[in-house]
Amino acid sequence: DRSGDSVKSLRNATLNHLRKSLSYLKDVNVVYKDGYYRIDTGHMFYCDYLRLKEIIESDTISDGMINELGDIMSTGGFMETMEDVSLDAVKEKIGHSIVRFLPVVIKNLYEKKKYDDVILFSEALHKIDYFNDIALRYFVSALCCMKRTDEALLRYSTFIIEYRKAYGEEYKFRFTDLQDI
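Residues numbered from 1 in each chain as written. Predicted model: local features only at pLDDT ≥ 70, side-chain atom pairs only at ≥ 80, totals over all residues. Heavy atoms only, no water.

Asker: Explain the nonpolar core to me, please; I cannot follow it from the model alone.
Answerer: Membership of the largest hydrophobic core comes to 38 residues, with the highest contact counts inside it found for Leu69, Met73, Leu102, Phe121, Val140 and Tyr156. For this core, the elements supplying multiple residues, two or more each, are helix H2 (48-57), helix H3 (63-74), helix H4 (88-111), helix H5 (115-128), helix H6 (133-145), helix H7 (149-167) and helix H8 (175-178). Those residues in contact with Phe121, other than ones at most four positions away along the chain, are Ile66, Leu69, Gly70, Met73, Leu102, Val105, Ile106 and Leu109. (Core = buried A, V, L, I, M, F, W, Y, C linked by side-chain atoms within 4.5 Å. Buried < 20%, exposed > 50% of the residue type's maximum accessible area, 1.4 Å probe, protein only. Helix = DSSP H or I, 4+ residues; strand = E, 2+ residues; numbered from the N terminus. Contact = heavy atoms within 4.5 Å.)

Asker: How do you make sense of the environment of Ile181 when you look at a structure like this?
Answerer: Inspection of the secondary structure assignment puts Ile181 in the segment after H8. You can call Ile181 partly exposed: its relative accessible area is 41%. The spacing of Ile181 and Phe45 is 136 residues in sequence and 41 Å in space, taken between C-alpha atoms. Once residues within four sequence positions are removed from consideration, Ile181 is found in contact with Tyr110, Arg137, Tyr138 and Ser141.

Asker: Explain the pattern of salt bridges to me, please; I cannot follow it from the model alone.
Answerer: Pairing between side chains of opposite charge can happen when the charged atoms of each approach one another. Under the counting rule described, the total for this entry stands at twelve salt bridges. Note that Glu111 and Lys107 form a salt bridge whose closest N and O atoms lie 3.1 Å from each other. One end of the pair, Glu111, and the other, Lys107, are both in helix H4, four residues apart, so they sit about a helical turn from each other. Looking at Lys107, the relative accessible area reads 43%, which means it is partly exposed. If you follow the salt bridges from partner to partner, you end up with Arg51, Glu54 and Glu68 in one network. (Salt bridge = Lys/Arg side-chain N within 4 Å of Asp/Glu carboxyl O.)

Have a look at this one:
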């Protein structure tokens, strides 16, 4: 059967291209098991997206995990330069997970007076959800605690201008409301 042979040839060529592409990654292989091909990873494989999911889904979060989360978040948004619509659902799902998770981390860091980290994570939350009240409140308050009130006021002023443009109304909190949480 000629069409069956061409399908097998196409499948084998595709698998060979995939194997070659994956060969540049450490500890990643295409394996055939139980009638299916799958991508198998070993302990040397690292993917920031998978690690982020592990951290977010964890029952408890250690200081080490917070540091690792900071490293992951500081590299920028996930797949932000990839315009493929097939990734939109994945990007949206991880964005929602981060928006739910980061406020807990930010509050924890603020209570420990780790203001530089509060600013880092508030900034990350702000990039994902521009009009997030929690991101603005903790960002401004952390800066004020660090005696960087001018910087906090500048961020607040920029935010309320953009808020007014987007929603056609005034922002509900004054700067003085945000200075101390």
